[in-house]
Amino acid sequence: MADTLSITSGSERAELPITEGSVRATDLRAIPTPDGPLTSFDPGFVNTASCHSSITYIDGDAGILEYRGYPVDQLADGSTHLEVAHLLMFGELPTASELEAWENEINTHRFVHENVGQIIESFRYDAHPMAKLMSGVASMQTFYPSARRIEDPESRRRNVVRLIAKMPTLAAWSYRHSIGRHRVYPNDELNYVENFLAMLFQSQQRVYRPDPRVTRAMEVLFILHADHEQNCSTNAVRAVASAGNDLYTSAGAGVGALFGPLHGGANEAVLRMLREIGHVDNVGEFLEGVKNGRAKLMGFGHRVYKNYDPRAKVIKRSTEEVFEVTGINPLLEIAVELERIALNEEYFVKRRLYPNVDFYSGLIYEALRFPPEMFTVLFAVPRTVGWCAQWLEGVTDPEQKIMRPKQIYTGHRARTFVPMDERDA
Ligand code: CMC
């Protein structure tokens, strides 16, 4: 017998079919209540599925993250970011010749229109690079207006390739402008990650040659950040796309959502927190403040993971490799002590709060001498692949509708307008 959910409201009783571990929220409408047809209330979509997706699988209790069925740690060990991008976009790991064609396709689109560079440079030098990036991404729609033809598969593919290819250029230019340096143009000799690092760090006199261990660590970070199913920024991308929007308009919204300190901005917040703690001796006092609600332990906790974030495990390894190149970061000592105490404190154990991806990524970025404002930009570049895959899945999904949640209204009703001279002072 098929599983059902029985609901009783007054004299009404209904059996709702349970399929794929869920009930259809629209089936609830058949049940009348004194306040109108039954609806579900779920601020923050804590237990609401908004789509079918075959891109990324997460089991938060078990600490599992898979892209198209492949565990993320295996991908981080054995592949490159563009290989993973191919997997996320098209569903399969590429063969050698497919990868070569895909890399060539991306590489030929890395240059960005000069006017976009000027848009980024028209901001004040101290504007946050994420805000500049958001504007840069949104402005791309004006350079490729045919991206609005989202019903055209060729147009969709061309713009996905463009955005994945140009994102490192936009991100690097946002950064160079912040530090008052000239733009560096893409270099065809370099791969995706090397080229990004060169556009960030190249000086006029010397050719920038990153240590291969640093390039590999960045590659791993890129893979780990590539997608994370229906997180806040991906939901923003899908919501904006659901109104029939092009990739650039939708991804611009994604960059904005990622900027928030509860989402991608957490890596920047972790660094600021570690600096504020200042010394390993102050860790106990800081954690007392967290338990008393005076502060949050940034880089801890996750909506989905109620176990160690599988990405944090891999990043911890990369952290050690990067420190072999850069030397030990004194903030690491504080981070390790925070983690050690927090994992044993009742407050954190009871709430199942574990380190997330941002707890260690900020330390790597700090060791590579990125200013904290750049950390979320370094998250946005690889996450663009996920946004593109999810955007594509959303706009081609016949089941999708414009996203328009309901509300439970709690305000006044049907009041009579009061003219100004009759209102109480
Ligand atoms: N420090 C202290 N207490 C916390 C923390 C934290 N980092 N995270 C959650 N809690 C407490 C929270 O106060 C609540 O306690 P109580 O039950 O007594 O009210 C309980 O744990 C449950 O938390 P919640 O706020 O209901 O959980 P949520 O699923 O709504 O929030 C979160 C998830 C990630 C926004 C939250 O854990 C948080 O703010 N963490 C710090 C920011 C952070 O590191 N964000 C990066 C997430 S990973 C990167 C990404 O994918 O974006």
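All residue numbers refer to positions counted from 1 along the written sequence of the respective chain. This being a predicted model, a pLDDT of at least 70 is required before a residue's local features are given, and a value of 80 or more before pairs of side-chain atoms are given or counted; all residues contribute to the totals for chains, interfaces and linings. The side-chain numbers reported here are obtained from all heavy atoms of the structure, hydrogens and water having been left aside.

## Things to note about the site of the ligand
Step number 1: Around the ligand there are 20 residues in total, and His 263, Lys 296, Leu 297, Gly 299 and Arg 303 lie nearest to it.
Step number 2: Polar contacts here mean pairs of N or O atoms no more than 3.5 Å apart (in protein, one a potential hydrogen donor and the other a potential acceptor; neighbouring residues in sequence count only if both atoms are side-chain atoms). Contact between the ligand and Arg 351: an oxygen atom at 3.0 Å from a side-chain N or O atom of the residue.
Step number 3: Here Asn 356 contributes a side-chain N or O atom positioned 2.9 Å from an oxygen atom of the ligand.
Step number 4: Using a 1.4 Å probe, accessible areas were evaluated by the Shrake-Rupley method; residue-level cover was limited to the displayed protein chains. When the ligand is considered free in solution it has 940 Å² of accessible area, and contact with the protein chains removes 72% of it.
Step number 5: For the shell around the ligand, the residue count by class is nine nonpolar, six polar and five charged. Each residue is tested against the molecule or strand, and it is near if at least one of its non-hydrogen atoms lies within 4 Å. Classes in brief: Ala, Val, Leu, Ile, Met, Phe, Trp, Tyr, Cys and Pro nonpolar; Asp, Glu, Lys and Arg charged; the others, Gly included, polar.

## As for the packing of helix α6 (residues 153-178) against helix α7 (residues 192-201)
Step number 1: Axes, fitted as lines to C-alpha atoms, cover a helix only where it is in contact. Angles between the N-to-C directions of the axes lie from 0 to 180 degrees. Only DSSP runs of H or I reaching four residues or more are called helices, and only runs of E reaching two or more are called strands; each is numbered from the N terminus. Two elements in contact, α6 and α7, have axes separated by 8 Å at closest approach and are oriented at 20 degrees. By the angle between their directions, the pair α6 and α7 is classed as roughly parallel. Where α6 crosses over α7, the handedness of that crossing is right-handed. Touching Ile 164, Pro 168, Thr 169, Ala 171, Ala 172, Tyr 175 and Arg 176 of α6 are Tyr 192, Phe 196, Met 199, Leu 200 and Phe 201, all from α7. Note that the term roughly parallel is reserved for angles under 35 degrees, roughly antiparallel for angles over 145, roughly perpendicular for angles of 65 to 115, and oblique for everything else. If you view the pair so one helix is near and one far, a crossing is left-handed when the near helix is turned anticlockwise from the far one by less than a right angle, and right-handed when it is turned clockwise. Throughout, a contact is declared for two residues whenever any of their heavy atoms are within 4.5 Å.

## Thoughts on the sheet that holds strand β5 (residues 56-59)
Step number 1: With antiparallel pairing, three strands are arranged side by side in an open sheet as β5-β6-β7. The sheet is open, and its two borders are formed by β5 and β7 (70-71), each paired with just one other strand.
Step number 2: Strand direction decides the pairing type here: strand β6 (residues 64-67) and β7, joined by two bridges, are antiparallel. Residue pairing for β7: Glu 66 is matched across the bridge by Pro 71. Think of it this way: DSSP has to see at least two bridges between two strands before they count as a pair.

## Some details on the pattern of salt bridges
Step number 1: Whenever a carboxyl oxygen of Asp or Glu lies within 4 Å of a side-chain nitrogen of Lys or Arg, that contact is scored as a salt bridge. The full count for this structure, using the stated rule, is 23 salt bridges.
Step number 2: A salt bridge links Asp 77 to Arg 317; the nearest nitrogen and oxygen atoms lie 3.2 Å apart. Remark: Arg 317 occurs in helix α13 (residues 310-326) and Asp 77 occurs in helix α1 (residues 72-78); sequence separation between them is 240 residues.
Step number 3: Type-normalised accessible area, obtained with a 1.4 Å probe on protein chains alone, sets the label of each residue: buried when under 20%, exposed when over 50%, and partly exposed for intermediate values. Residue classification places Asp 77 among the exposed positions, given a relative accessible area of 54%.

## Points about the side chain of Ser 250
Step number 1: With respect to the element layout, Ser 250 can be found in helix α10 (residues 247-258).
Step number 2: We classify Ser 250 as buried; its relative accessible area is 0%.
Step number 3: Setting aside residues up to four positions removed in sequence, Ser 250 forms contacts with Val 237, Val 240, Ala 241, Asn 245 and Trp 391.

## Considering α13
Step number 1: The end-to-end C-alpha distance of α13, which contains 17 residues, comes to 25 Å, matching closely the 24 Å that a straight helix rising 1.5 Å per residue would cover.
Step number 2: Taken together, the buried positions of α13 are occupied by Pro 310, Arg 311, Ala 312, Val 314, Ile 315, Ser 318, Thr 319, Val 322 and Phe 323.
Step number 3: Buried-residue contacts for α13 involve β6, α1, α8 (212-225), α14 (330-342), α16 (357-367) and α17 (375-395). Expected helix span is given by 1.5 Å per residue-to-residue step, counting one fewer step than there are residues.

## Some thoughts on a positive patch on the surface
Step number 1: Like-charged residues within 9 Å of one another, or nonpolar side chains (Val, Leu, Ile, Met, Phe, Trp, Tyr) within 5 Å, are grouped into patches, provided each residue has over 30% relative accessible area and no salt bridge. Charge counting follows a simple rule: Lys and Arg are positive, Asp and Glu are negative, and His as well as the terminal groups are ignored. Where a charge lies is defined by one atom per residue type: Lys uses NZ, Arg uses CZ, Asp uses CG and Glu uses CD. Taken together, the side chains of Arg 29, Lys 401, Arg 404 and Lys 406 make up a positively charged region of the molecular surface.
Step number 2: Within the fold, Lys 401 resides in the segment after α17.

## Remarks on the packing of helix α5 (residues 129-143) against α10
Step number 1: Where α5 meets α10, the closest approach of the two axes is 7 Å, and the angle between their N-to-C directions is 170 degrees. By the angle between their axes, α5 is roughly antiparallel relative to α10. Facing α5, whose interface residues are Met 130, Leu 133, Met 134, Val 137, Ala 138, Met 140 and Gln 141, α10 presents Tyr 248, Thr 249, Ala 251, Gly 252, Val 255, Gly 256 and Leu 258.
Step number 2: Among the residues making up the contact of α5 with α10, the classes are represented as ten nonpolar, four polar and no charged.

## Points about the nonpolar core
Step number 1: Counting 107 residues, the largest nonpolar core has Tyr 67, Leu 133, Met 167, Met 273, Leu 297 and Leu 338 as the members making the most contacts within it.
Step number 2: Those residues in contact with Leu 338, other than ones at most four positions away along the chain, are Met 273, Leu 274, Ile 277, Val 283, Phe 286, Leu 287, Leu 297 and Phe 359.
Step number 3: Among the nonpolar cores identified, the runner-up in size contains five residues, and Ile 7, Ala 14, Leu 16 and Leu 28 belong to it. In these notes, a set of buried Ala, Val, Leu, Ile, Met, Phe, Trp, Tyr and Cys residues joined through side-chain atoms within 4.5 Å is what counts as a nonpolar core.

## Things to note about unusual backbone geometry
Step number 1: Although it is not a glycine, Glu 229 sits at a positive phi angle of roughly 40 degrees.
Step number 2: Relative to the helices and strands, Glu 229 resides in the loop between α8 and α9 (232-241).
Step number 3: A relative accessible area of 21% places Glu 229 in the partly exposed class.
Step number 4: With phi around 40 degrees, Ala 414 is a residue other than glycine that occupies positive phi space.

## Some points on the side chain of Arg 156
Step number 1: Counting through the fold element by element, Arg 156 comes out in helix α6.
Step number 2: No salt bridge forms around the buried Arg 156; measuring N to O, its nearest opposite-charge neighbour Asp 152 is 6.9 Å away.
Step number 3: If near-sequence neighbours (up to four positions away) are discounted, Arg 156 is found in contact with Ile 150, Glu 151, Trp 391, Leu 392, Val 395 and Thr 396.

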